[in-house]
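Commentary on secondary and tertiary structure
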Amino acid sequence: MPHADPVAVHLLRRRQLLKGALAAALPLGSSAAFAASAQDAAPPLAVGGLPVTCNLTLPIACLAKANANARAGLGPAPFVYHKYSGWPEIKESLMTGRIQAAYMLAPLVMDLVNSRIPMKIVSLGHRSGAVIMVRLDSSYRRFRDLRGKAIAVPSRFAVDYLFLRKMLAREGMTLKDVEIIEMNPPDMPAALYAKAVDAYCTGEPFGASAQRAGYARPLAMTRDEWRNYICCVLTVRDDVIRTQRPVVQDLVNHIQAAGTWLDQGPANRDKAADIAGGKAFFNQNPKIIKFVMENPQDRVTYGDLRMIREEFDELMQLSLEARTLKKPIAYERYVDDSFVKSLQPLKLIL
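Before going into details, it helps to say that this report is about the structure given with it. Since the model is a prediction, treat every value here as computed from it, not as a measurement.

Considering the overall build of the chain
- Summing up its helical and strand segments, the chain has 16 helices and 12 strands in all.
- Scored against the burial criterion, the 350 residues of the chain give a buried share of 51%.
- Residue pairs at least 24 apart in sequence account for 79% of intrachain contacts in the chain once pairs closer than 6 positions are excluded.
- Split by element, the accessible area of the chain, about 16400 Å² in all, is 54% carbon and sulfur.

Structure representation (structure tokens):
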């Protein structure tokens, strides 16, 4: 075994002695301030998200907090955005602690908590925002025209999949009438263009990107078929909720404020598209995000981010029927709505 560097050992002992002397010399109030300062210096929460407009409140919240801290001279923001391309990766990162929070699929959170993975939903992130896209030159005019066709979905845990099942049931169809293919949302437009699939069901802007490119059109939108649709929800590990509650509250405050700000008018949505399209966040063409925001204006909405138990109960029932959830789960086990109940309104700095 190699010997320890005597200089390093000396410096370590010296730092420990100085730290102990400083703690002993400080009055009680100063010791608390020292501890708070050390806590403030903790690494920021890593919050994962996909480059989809259902996650648009996240980059807005992260940038607003960073700007507020910079203006106040408080150093880096206590939470930062981490981009992911698919649900399996973001789920694994949250389970293993590589990230501490994420925008997750609500039914997936229910399933993970049922499997004793400790995490809670603390806020919504959006409403509506899912579409079923087909090729512009296809003969499909009604959902029933997709009988016998291949349809891509992000995941069987995605609420997009539940939306697809709703449409099947409405037309008296079952899963046996179509072929379901799981695919990461960024790959769907190219798959439709290459005729590898006949349709895809996903969150924006991956419907709008194909529509704006001129080779696809919406066959169905949640704005028309399922007005109270929710999909992506802000989810935080239980250990982080216990140990960093003020930071989680601050994150929820900014997410909810971002939702209100986004629905205040077209100018804010244009600005949001420019922010989210940047390399630090979605790394997408902002014009595609703006297309989503304008065609029509309520294609995705953000202003109503209330946590409504009945809506989660509906998602749970639909997931049980889809057999993506094996057994019911109590609302309190996978939702912590105390942060929304303790919401502190704020004005975003963007």
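Having seen the structure, we can now continue with the description.
Quick word on the packing of aromatic side chains
- The full count for this structure, using the stated rule, is 7 aromatic pairs.
- Look at Trp-226 and Tyr-229: their rings are 5.3 Å apart centre to centre, the planes differ by 80°, and that puts the pair in the edge-to-face class.
- What links up through ring pairs into an aromatic cluster is the set Tyr-81, Phe-281 and Phe-282.
- Directly above the ring of Trp-226 sits Lys-166, whose terminal nitrogen or CZ lies 4.7 Å from the centroid.
- Just above the ring of Phe-339 sits the side chain of Arg-245; from NZ or CZ to the centre is 4.2 Å.

Examining the sheet that holds strand β2 (residues 79-83)
- Read from one edge to the other, the open sheet built from 5 strands follows the order β2-β1-β3-β11-β4, with strand pairing classed as mixed. Each of the sheet's edge strands pairs with one partner strand only, and the pair in question is β2 and β4 (119-124). For this sheet, the mean angle separating the axes of adjacent strands, direction not counted, is 35°.
- With 2 bridges joining them, strand β1 (residues 45-49) and strand β3 (residues 101-105) adopt parallel strand pairing. Its bridge partner lying in β3, Val-47 is registered against Ala-101.
- Docked against the sheet, helix α5 (residues 106-114) engages β3, β4 and β11 (232-237), running at close to 105° with respect to β3.

Thoughts on helix α13 (residues 286-294)
- Turning to α13, its buried residues number three or more, namely Ile-288, Ile-289, Phe-291, Val-292 and Met-293.
- Tucked into the core, α13 has its buried residues touching α8 (208-213), α12 (266-276) and β12 (300-301).

Regarding the pattern of salt bridges
- Tallying each qualifying case throughout the model produces 20 salt bridges.
- One salt bridge in this structure joins Arg-147 and Asp-177, with 3.2 Å as the shortest N-O distance. With Arg-147 in the loop between β6 (130-135) and β7 (150-153) and Asp-177 in the loop between α6 (159-170) and β8 (179-182), the pair connects residues that are 30 residues apart, well separated along the chain.
- When salt bridges that share partners are traced, they join Arg-127, Asp-304, Arg-306 and Glu-311 into one network.

Some thoughts on the pairing of β2
- Where β1 and β2 come together, 5 bridges link them in parallel fashion. Opposite Leu-45, over in β2, you have Phe-79 as the bridge partner.
- Between β1 and its parallel partner β2, the chain crosses via helix α3 (residues 57-72), and the hand of that crossover is right-handed.

Re the sheet that holds β7
- Across the sheet, 5 strands lie side by side as β8-β7-β9-β6-β10; this open sheet has mixed pairing. The sheet is open, and its two edges are formed by β8 and β10 (216-221), each paired on a single side. For this sheet, the mean inter-axis angle between neighbouring strands, taken without regard to orientation, is 30°.
- Judged from the 2 bridges that link them, β7 and strand β9 (residues 199-203) form a sheet pairing that is parallel. When the bridges of β9 are listed, Ile-151 appears paired with Ala-199.
- Sheet strands touched by α6: β6, β7, β8, β9 and β10. Its angle to β6, the strand with the most contacts, is close to 65°.

Quick word on the environment of Tyr-193
- Inspection of the secondary structure puts Tyr-193 in helix α7 (residues 188-193).
- Spatially, the C-alpha atoms of Tyr-193 and Val-134 are 9.4 Å apart, while their sequence positions differ by 59 residues.
- When residues no more than four places from it in sequence are discounted, the contact partners of Tyr-193 are Arg-135 and Tyr-215.

A closer look at the nonpolar core
- Among the nonpolar cores identified, the biggest contains 105 residues, and Ile-121, Ile-132, Phe-143, Leu-146, Phe-163, Phe-312 and Tyr-334 are the most heavily contacted of them.
- When residues in this core are grouped by element, the largest group, 9 residues, is from helix α11 (residues 245-262).
- If near-sequence neighbours (up to four positions away) are discounted, Ile-132 is found in contact with Phe-143, Leu-146, Phe-163, Leu-164, Met-167, Ala-199, Tyr-200, Cys-201, Arg-217, Pro-218, Leu-219 and Ala-220.

Focus on the state of the cysteines
- Tallying each qualifying case throughout the model produces 0 disulfides.
- In this structure Cys-231 is not part of a disulfide, and its nearest cysteine sulfur, from Cys-232, lies 4.1 Å away.

Considerations on the pairing of β9
- The element β9 is extensively covered by neighbouring structure, given that 5 of its 5 residues are classed as buried.
- The two faces of β9 match: Ala-199, Cys-201 and Gly-203 on one face and Tyr-200 and Thr-202 on the other face are all buried.
- Both β6 and β9 contribute to a ladder of 5 bridges, which runs antiparallel. Paired with Met-133 across the bridge in β9 is Tyr-200.

Re α6
- Here α6 spans 16 Å end to end across 12 residues, near enough to the 16 Å set by a 1.5 Å rise per residue.
- All of the buried residues in α6 are Val-159, Asp-160, Tyr-161, Leu-162, Phe-163, Leu-164, Met-167 and Leu-168.
- In the stretch just after α6, Gly-172 is the one whose phi turns positive, near 70°.

Analysis parameters
Residues numbered from 1 in each chain as written. Predicted model: local features only at pLDDT ≥ 70, side-chain atom pairs only at ≥ 80, totals over all residues. Heavy atoms only, no water. Helix = DSSP H or I, 4+ residues; strand = E, 2+ residues; numbered from the N terminus. Buried < 20%, exposed > 50% of the residue type's maximum accessible area, 1.4 Å probe, protein only. Contact = heavy atoms within 4.5 Å. Areas by Shrake-Rupley, 256 points an atom, 1.4 Å probe, with all protein chains shown as cover. Phe/Tyr/Trp six-rings, centres within 6.5 Å; stacked < 30°, edge-to-face > 60°. Lys NZ or Arg CZ within 6 Å of the ring centre and 35° of its normal. Pairing = 2+ DSSP bridges. Axes fitted to C-alpha atoms, helices over the stretch in contact; angles between N-to-C directions. Salt bridge = Lys/Arg side-chain N within 4 Å of Asp/Glu carboxyl O. Right-handed = clockwise from strand over helix to strand, strands pointing away. Core = buried A, V, L, I, M, F, W, Y, C linked by side-chain atoms within 4.5 Å. Disulfide = S-S within 2.5 Å. Expected span 1.5 Å × (residues − 1).

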